[in-house]
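If you want the building blocks of each chain, they are given just below.
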Amino acid sequence: MLRLAARVKVDNVLILKVDELKLKDVPEPLKSKLLPVLKGDHLKKIPWL
């Protein structure tokens, strides 16, 4: 949880609140931050890969 919160730059408490929710039930501002990280799209921006 700590790594996910750090990657999307939100507080750990916010991630813990939505931990038990399905992704479709996560509020939109947070959902749009989480989706690229969960899909792995953020790795495509790393130049050495």
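Up top is the structure these notes are about.
> Lay out the overall build of the protein with the relevant residues and their values.
If you tally the helices and strands in the protein, you get three helices and zero strands. Secondary structure elements of the protein, listed N to C terminal, follow the sequence α-α-α. Per-residue burial over the protein gives 18% buried out of 49 residues. When contacts within the protein are restricted to residue pairs at least 6 apart in sequence, long-range pairs at least 24 apart make up 22% of them.

> For the nonpolar core, give the residues involved together with the corresponding values.
The biggest cluster of nonpolar side chains holds nine residues, and these are Ala5, Val8, Val10, Ile15, Val18, Val26, Leu30, Leu34 and Val37. Counting only elements with at least two residues in this core, the list comes to α1 (2-8) and α3 (28-39). With three residues, the top contributor of residues to this core is α3.

> Please provide a residue-by-residue account of a nonpolar patch on the surface, values included.
On the surface, Leu23, Leu35 and Leu38 cluster together into a nonpolar patch covering about 240 Å² of accessible area. Mapped onto the secondary structure, leucine 35 falls in helix α3. With relative accessibility at 31%, the residue leucine 35 sits in the partly exposed group.

> I'd like to hear about α3, residue by residue, with values.
Between its first and last C-alpha, α3 extends 16 Å over twelve residues, near the 16 Å set by a 1.5 Å rise per residue. Along α3, the positions that sit buried rather than exposed are Leu30, Leu34 and Val37. The arc enclosing the buried residues of α3, seen along the axis, measures out at 60°, which places them on a common side. The secondary structure elements touched by the buried residues of α3 are α1 and α2 (12-17). Positive phi appears at glycine 40, one or two residues downstream of α3, with a value of about 90°.

How each quantity is defined
Think of each chain on its own: its residues are numbered from 1, step by step along the sequence as written. The predicted origin of the model limits local features to residues at a pLDDT of at least 70 and limits the giving and counting of side-chain atom pairs to 80 or more, whereas totals for whole chains, interfaces and linings rest on all residues. Hydrogens and water are ignored here; the side-chain numbers use all heavy atoms of the structure. Strands here are runs of E lasting at least two residues and helices are runs of H or I lasting at least four, both read from the DSSP assignment and numbered beginning at the N terminus. Per-residue accessibility, obtained with a 1.4 Å probe over protein chains only, is compared with the maximum for each type, and a residue is labelled buried under 20%, exposed over 50%, and partly exposed between these values. Note on definitions: a residue-residue contact is assigned when non-hydrogen atoms from the two residues lie within 4.5 Å. Here, nonpolar core refers to any group of buried Ala, Val, Leu, Ile, Met, Phe, Trp, Tyr and Cys residues whose side-chain atoms link them within 4.5 Å. Put simply, a patch holds well-exposed residues, over 30% relative accessible area, that have no salt bridge, with like charges counted together within 9 Å and Val, Leu, Ile, Met, Phe, Trp or Tyr side chains within 5 Å. The accessible surface values rely on the Shrake-Rupley method and a 1.4 Å probe; as for residues, cover is taken only from the protein chains in view. Salt bridges are identified by distance alone: a Lys or Arg side-chain nitrogen within 4 Å of an Asp or Glu carboxyl oxygen. In this scheme, a helix's expected span is set at 1.5 Å multiplied by one less than its residue total. Here the arc refers to the directions that run from the helix axis out to each C-beta atom.

None of this, on its own, says anything about what the molecule does.
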